Amino acid sequence: MIQLIRGFKDILPEEVELWQHIEKTARSLFEDFGFKEIRIPILEHAELFARSIGEDTDIVEKEMYTFPDGKRGLITLRPEATASVVRAYIQHSLYAKDPIQKFYTIGPMFRRERPQKGRYRQFYQINAEVFGIDSPLIDAQLIFMLVTFFSRLSVTEIETHINSLGCHKCRRDFKDALSIFLSAASEKLCADCKRRSQRNPLRVLDCKVPSCKEAMAEAPSILDYLCDECSIHFNGVKNVLEKFNIPFVIDSLLVRGLDYYTRTTFEIQTSSLGTQNAIAGGGRYDTLVKTLGGPAQPAIGFAIGFDRLVEITDLKSADLGQKPDIFLAALGEKSMSIVFEWFCAFCVDGIKAELDLNGRSLKSQMKRADRLGAEYVLIVGEKELEEGSAILRNMNTKEQAAIPIDDIVERIKKELSQKD
Ligand code: AMP
């Protein structure tokens, strides 16, 4: 039998209910904060990611699914969403109407990483991006929105980590200091980091190899190199978080694996996930719009790891499940043809109905109704039809009563609406 590819997964209907609930919660909260949905393609030119995420990052160096597409050259299954959202912002001149734009997007991303718990090759993200706002208030607001989102999903065991990567000016001085440190620590670094310390020293800061992590504990801190403007900006973010009572940890190693970040970076971590402990991450990318050919516009965004969120939320699909309002149990062919019409009428009217079309015994139909969690069962046999009635059973109270079959759909609709 052909199995799915390692690192990929099916999301089965009973799990989808939880996914839908999370998605609905995100849409409703983000839209209240003024975000609009944007949908972007899954395939893009490989160059878009190389230029934005950076040539010397793990993602671009070894994790992208890239393949030739005839004359179009190399195309890539998107490893993240920000680059595409920025491309769309520029390509459609969305800044011309109003440079301030807030978008969210939900969908699959692809990275050829070593699969393990919480790390997949196709995974899903919920992204939010804000263009055109420089103020640290928006940085803090995004973190506030994230924390609120997690609390709505009963995910409370979280820790917010923040850092500032400064601007080009402060980064230049920091990179010099870091390079000096790295050449002295070179013996302790992994082969990738030895190479990176020459080309892109910042990347060494978030290497997960234990010996590199140990060596980097002594590394100079970017926070000691922030220029006055970046320092004031970072203090602004911290002050607002304090005002909103959002606890945070300052983490000077938080550089977040992608080259485009400037100033604030943040990550929401959880203790419930083992090594893959980040459930969301983001930051400012004030120079990316210009780098990709647009106007100079500041921007900031985040991505939530949807799969990881599903794994840690205490909400269970069973609590959210779509249960039928009514199960129609028809006994005999004549009843079935009448009940079938009622069933369709219920569904059209937005009442969740279920009907067993296989002509099974009343006992097995009742069992199925119970298993599906139906609130009511309507039992219709030949005898009931002759008497012009059907039996409505409340599955919670176990009470049942005969009701006339004329206008039955309306009668039951009324009964159900009174219950609400
Ligand atoms: P990033 O785009 O790398 O900043 O990641 C943002 C979030 O996406 C992370 O905090 C994770 O929760 C999630 N994520 C990233 N890579 C994976 C993966 N391979 N499998 C599952 N979730 C992931």
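What you see is a predicted model, and the numbers here were worked out from it, not measured in a lab.

A. Up close: the packing of helix H6 (residues 136–152) against helix H10 (residues 228–243). Close contact between H6 and H10 brings their axes to 8 Å; oriented N to C, the two are set at 40°. By the angle between their axes, H6 is oblique relative to H10. Where H6 crosses over H10, the two elements pack in a sense that is right-handed. Contacts from Pro 136, Leu 137, Asp 139, Ala 140 and Ile 143 of H6 reach H10 at His 233, Gly 236, Val 237, Val 240 and Leu 241.

B. Spatial organisation of the site of the ligand. Near the ligand you find 14 residues, and of these Arg 111, Glu 113, Tyr 120, Arg 256 and Ala 278 are the closest. Here Tyr 120 contributes a backbone N or O atom positioned 2.9 Å from a nitrogen atom of the ligand. Contact distances for the ligand include 2.3 Å between an oxygen atom and a side-chain N or O atom of Arg 256. In isolation the ligand exposes 490 Å². Once the protein is present, 92% of that is buried. Elements with a contribution of two residues or more to the shell around the ligand: strand E6 (122–131), strand E10 (278–284) and strand E11 (299–305).

C. How the structure looks around the nonpolar core. Membership of the largest hydrophobic core comes to 94 residues, with the highest contact counts inside it found for Phe 30, Phe 149, Phe 150 and Ile 304. Ranked by the residues each element gives to this core, the list is headed by H6, at eight residues. In this structure, Phe 149 is in contact with Ile 22, Thr 25, Ala 26, Leu 29, Ile 126, Ile 304 and Leu 309, ignoring residues within four places of it in sequence. Grouped together as the second largest cluster of nonpolar side chains are 22 residues, Ile 326, Ile 351, Val 380 and Leu 416 included.

D. Fine view of the side chain of Lys 238. Along the chain, Lys 238 falls in helix H10. Despite its burial, Lys 238 remains without a salt bridge, the nearest opposite charge being carried by Glu 242 at 7.2 Å. Once you skip the residues sitting within four places of it in the chain, Lys 238 turns out to touch Ile 162, Phe 248 and Ile 250.

Quick notes on the rules
- Residues numbered from 1 in each chain as written.
- Predicted model: local features only at pLDDT ≥ 70, side-chain atom pairs only at ≥ 80, totals over all residues.
- Heavy atoms only, no water.
- Axes fitted to C-alpha atoms, helices over the stretch in contact; angles between N-to-C directions.
- Helix = DSSP H or I, 4+ residues; strand = E, 2+ residues; numbered from the N terminus.
- Parallel < 35°, antiparallel > 145°, perpendicular 65-115°, else oblique.
- Left-handed = near helix turned anticlockwise from the far one by under 90°.
- Contact = heavy atoms within 4.5 Å.
- Near = heavy atom within 4 Å.
- Polar contact = N/O pair within 3.5 Å; in protein donor to acceptor, adjacent residues only side chain to side chain.
- Areas by Shrake-Rupley, 256 points an atom, 1.4 Å probe, with all protein chains shown as cover.
- Core = buried A, V, L, I, M, F, W, Y, C linked by side-chain atoms within 4.5 Å.
- Buried < 20%, exposed > 50% of the residue type's maximum accessible area, 1.4 Å probe, protein only.
- Lys, Arg positive; Asp, Glu negative; His and termini not counted.
- Salt bridge = Lys/Arg side-chain N within 4 Å of Asp/Glu carboxyl O.

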